[in-house]
Amino acid sequence: MTTPTDQSAHDALPGLDRALDDLAHEAPVGAHDPTLFSRSMRAHRTRRAWTSAALVVLVIGLASVTGLAALTRAPSSIQPAGSSTPAGLPSVVQRVSPYLAGTNGEPWQPVAVLVEAPRATGVGALIGRTGTGLLAVSTSGEYRFLDLPEDWTGADSGGLLDLSPDGRRVAFWVTGETSGAPYHADQSTVGVAVLDLTTGAVTRQAVDTEHGLDPGEVRWADDDRVVWSYTQIAGGPETADDLVQVSGDSSGTLVWDVDAGTVDRISDQVPVAVGTERVVVQGRGRWGTCIDLTSGSQQPVRTADGGFWLGNSEAVVLGEDCAQGWNYTSMLPGRFQVTRADGSVTTHPGAPRLVWPLTLTASTATWWGPRLGDQAATIGRLWSVDLATDEASEILRVPGRRGLVGVATDLVDLPTIEAQDPGRPAPLPWFTAAGAAVLLLGLGLLLRGRARARAAAAGGTGA
């Protein structure tokens, strides 16, 4: 039996068939397009070309960002100074770019002066952040940042270093492994080392230690021998935060002949002053012992009060006949005072105030201090002073508040030299911004190229 709904559908089918037949007759007859393949290939080549161009730009941008720090700090032509180059201290240490090249452990030249200066290193250099670097001016006037080995204790940890009188070597404390639990978890001092600037060679003198060393002095007695001392740390990390005394056995005074490779213990007491081939070691009260490193002879001497009052023998210099020059006030900078071996003391109130005495003879002294007449601790001058008249003459000037690290004292009596222009390397943040711009340009090219390639492909396939 046929329902009304079925009947209606049956009546509508002939009309639908006729409509579909008319539509089929009206549709255009397609024909093969002979250019379709060539247009498709052009679209494919366009897409590949845009992609390749964008990738090249991206690679260049990445290389400029990641490799530019090393490229801008790489030494251009580090060569040892020739024998004909006159050696001397520079009259002025100029301000330098924090992006100045470093020595990188390569053979260089003897150093005339070491000062602190801002330096940009590592990832921070890419955004303009700086730390404290060691700016070195060679005896021929060339500027470089001094790069010490990675095991140097570092300025941030209070690491001490000293420049030899001829400027050829640097002595410093190094870190390493301990036989037991180290007192400091991140690094432990285990000995001293010497870097030869002219060859790049590093010689180390390690000490057997269970928990690490508390470093004392490290000073050159001459161009070949280092005087040093330390105290063994008695406790491990469990005592690091306790308010307890963790110092153990003292090394006394050690003398390391770097070339011979020998270490001699010349006294059970620690050194309080080091000079040319002589050392004054601590004694009882205000008297100590002056030891001649060549002959081994010893004599009692009155020690410089400043060595005990300040707790820092950097403020004491040992001169001829075991005389000691020192800062006689507890506040730096202070006045210069000379203590003779016989116990007599001479003060020099008319001389410039001092921070760090460097050399002492019977008639003259040199020291690092503020400008003449300045009562504040604004350091920046190296003075030569006539001890008979207190007349001072300036040898070296360092603009700003950069601290002195070392001076080749063999050169203080020679004529000063004009240092070379240190140059002005472009700041790395500029290159970082340029690299980022290149990356953005590459990304834009890639997106635009892909869009155009897609459009060409769509047109080529007739979509």
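Since the model is a prediction, treat every value here as computed from it, not as a measurement.

What follows concerns the overall build of the protein. Of the regular secondary structure elements, the protein holds four helices and 25 strands. Counting the 463 residues in the protein, one finds 43% classified as buried. Residue pairs at least 24 apart in sequence account for 55% of intrachain contacts in the protein once pairs closer than 6 positions are excluded. On the protein, roughly 23,600 Å² of surface is accessible, and the fraction owed to carbon and sulfur atoms is 54%.

The residue Glu-277 is not glycine, and still its phi comes out positive at about 60 degrees. Taking the relative accessible area as the measure of exposure, Glu-277 reaches 33% and is therefore partly exposed.

The gaps of empty space that remain are located by a probe, the size of a water molecule, rolled over the atoms. There is about 700 Å³ of room inside the second largest pocket. In terms of lining residues, the second largest pocket is bounded by 37 residues, among which Thr-276, Val-317, Leu-358, Thr-359 and Thr-409 are the most central. Every element with two or more residues in the lining of the second largest pocket is listed here: β4 (161–163), β8 (213–220), β13 (271–275), β17 (316–318), β21 (356–360), β22 (364–370) and β25 (404–407). Its residues assigned to classes, the lining of the second largest pocket shows 17 nonpolar, 10 polar and 10 charged.

Turning next to the pairing of strand β6 (residues 189–196). The buried fraction of β6 is high, at eight of eight residues. By the bridge criterion, seven bridges tie strand β5 (residues 169–175) to β6 in an arrangement that is antiparallel. Bridge pairing in β6 links Thr-175 to Thr-189. The pairing of β6 with strand β7 (residues 202–206) spans five bridges and is antiparallel. Each bridged residue has a counterpart across the sheet, and for Val-194 the counterpart in β7 is Thr-203.

Attention now moves to empty space enclosed by the protein. Taken as a whole and judged by the stated rule, the model has one cavity of 30 Å³ or more. Forming the boundary of the largest cavity are Thr-103, Gly-105, Glu-106, Trp-108, Leu-146, Asp-147, Leu-195, Leu-197 and Gly-200.

With the rule as written, the count across this model stands at one disulfide. Sulfur-sulfur distance for the disulfide between Cys-290 and Cys-322 comes to 1.9 Å. Taking the torsion about the sulfur-sulfur bond, which here is approximately -75 degrees, the covalent link between Cys-290 and Cys-322 counts as left-handed. With Cys-290 in strand β15 (residues 287–292) and Cys-322 in the loop between β17 and β18 (324–327), this pair connects stretches of sequence that are 32 residues apart.

Glancing now at the pattern of salt bridges. Counting across every chain of the model gives 14 salt bridges. A salt bridge links Arg-265 to Asp-268; the shortest N-O distance between them is 3.6 Å. Owing to a relative accessible area of 48%, Arg-265 belongs among the partly exposed residues under this scheme. Among the ionic pairs, Arg-397 bridges to Glu-394, the shortest N-O distance being 3.4 Å. Looking at Arg-397, the relative accessible area reads 31%, which means it is partly exposed. One connected set of salt bridges, linked through shared partners, spans Asp-166, Arg-168, Arg-169, Asp-196, Asp-224 and Asp-259.

Residue placement: Ser-229 occurs in strand β9 (residues 225–233). If sequence neighbours within four positions are ignored, Ser-229 has contacts with Trp-173, Pro-215, Gly-216, Glu-217, Ser-251, Gly-252 and Pro-271.

Moving on to the nonpolar core. By size, the foremost hydrophobic cluster in this structure holds 43 residues, and its most contacted members are Val-93, Leu-135, Leu-146, Leu-148, Leu-161 and Phe-172. Looking at this core element by element, the count peaks at six residues for strand β1 (residues 111–119). Setting aside anything within four residues of it in sequence, one finds Phe-172 in contact with Leu-148, Pro-149, Trp-152, Leu-160, Leu-161, Gly-191, Val-192, Ala-193, Val-194, Leu-195 and Val-218. The next biggest cluster of nonpolar side chains, apart from the first, holds 14 residues, and it includes Ala-171, Trp-220, Val-226 and Val-258.

Before going further, it helps to examine the environment of Pro-370. Mapped onto the elements of the fold, Pro-370 is located in strand β22. On the accessibility criterion, Pro-370 (1% relative accessible area) is buried. In the structure, Pro-370 is positioned 11 residues away from Arg-381 in sequence and 5.8 Å away in space, judged by C-alpha atoms.

Attention now moves to the side chain of Gln-324. Note on placement: Gln-324 falls in strand β18. Judged by its relative accessible area of 1%, Gln-324 is buried. Looking at Gln-324, its side chain comes within polar contact range of the main-chain oxygen of Arg-302, at 2.8 Å.

This paragraph deals with the packing of aromatic side chains. All told, the structure shown has three aromatic pairs when counted by the stated rule. Here Trp-173 and Trp-228 contribute two aromatic rings whose centre-to-centre distance is 6.1 Å and whose plane-to-plane angle is 65 degrees, an arrangement assigned as edge-to-face. Remark: Trp-228 occurs in strand β9 and Trp-173 occurs in strand β5; sequence separation between them is 55 residues. Like Trp-173, the residue Trp-228 is buried in the burial classification. Take Trp-228: its relative accessible area is 2%, and that puts it in the buried class. Site record: aromatic cluster; members linked through ring pairs are Trp-173, Trp-228 and Tyr-230.

Another point: the confidence of the model for the protein. Averaged over all residues, the pLDDT of the protein is 78; the fraction at 70 or higher stands at 68%. Within the protein, the lowest mean pLDDT, 46, falls on helix α3 (residues 305–309), and the highest, 96, falls on strand β11 (residues 253–257). Low confidence marks residues 69–83, where pLDDT is under 50. Its contacts with residues over four positions away, or in another chain, come to 37 contacts. In this model, residues 306–313 is a region of pLDDT below 50 whose contacts with residues beyond four sequence positions or in other chains number 18 contacts.

Attention shifts here to the sheet that holds β25. Strands sit in the order β3-β2-β1-β25 across an open sheet of four strands; the sheet is antiparallel. Bordering the open sheet on either side are β3 (143–145) and β25, each of which pairs with just one other strand. Between one strand axis and the next, the sheet turns through 25 degrees on average, direction left out of account. Pairing of β1 with strand β2 (residues 131–138) involves eight bridges; the strand directions are antiparallel. Among the inter-strand pairings, Leu-114 is bridged to a residue of β2, identified as Ala-136.

Cut-off values and rules
- Residues numbered from 1 in each chain as written.
- Predicted model: local features only at pLDDT ≥ 70, side-chain atom pairs only at ≥ 80, totals over all residues.
- Heavy atoms only, no water.
- Helix = DSSP H or I, 4+ residues; strand = E, 2+ residues; numbered from the N terminus.
- Buried < 20%, exposed > 50% of the residue type's maximum accessible area, 1.4 Å probe, protein only.
- Contact = heavy atoms within 4.5 Å.
- Areas by Shrake-Rupley, 256 points an atom, 1.4 Å probe, with all protein chains shown as cover.
- 1 Å grid on protein atoms, 1.4 Å probe; cavity = no way out; pocket = protein on both sides within 12 Å on 5 of 7 lines; lining within 4 Å.
- Points joined across faces, edges and corners; volume = space filled by probe spheres on them.
- Nonpolar A, V, L, I, M, F, W, Y, C, P; charged D, E, K, R; others polar.
- Pairing = 2+ DSSP bridges.
- Disulfide = S-S within 2.5 Å.
- Salt bridge = Lys/Arg side-chain N within 4 Å of Asp/Glu carboxyl O.
- Core = buried A, V, L, I, M, F, W, Y, C linked by side-chain atoms within 4.5 Å.
- Polar contact = N/O pair within 3.5 Å; in protein donor to acceptor, adjacent residues only side chain to side chain.
- Phe/Tyr/Trp six-rings, centres within 6.5 Å; stacked < 30°, edge-to-face > 60°.
- pLDDT = per-residue confidence, 0-100.
- Axes fitted to C-alpha atoms, helices over the stretch in contact; angles between N-to-C directions.

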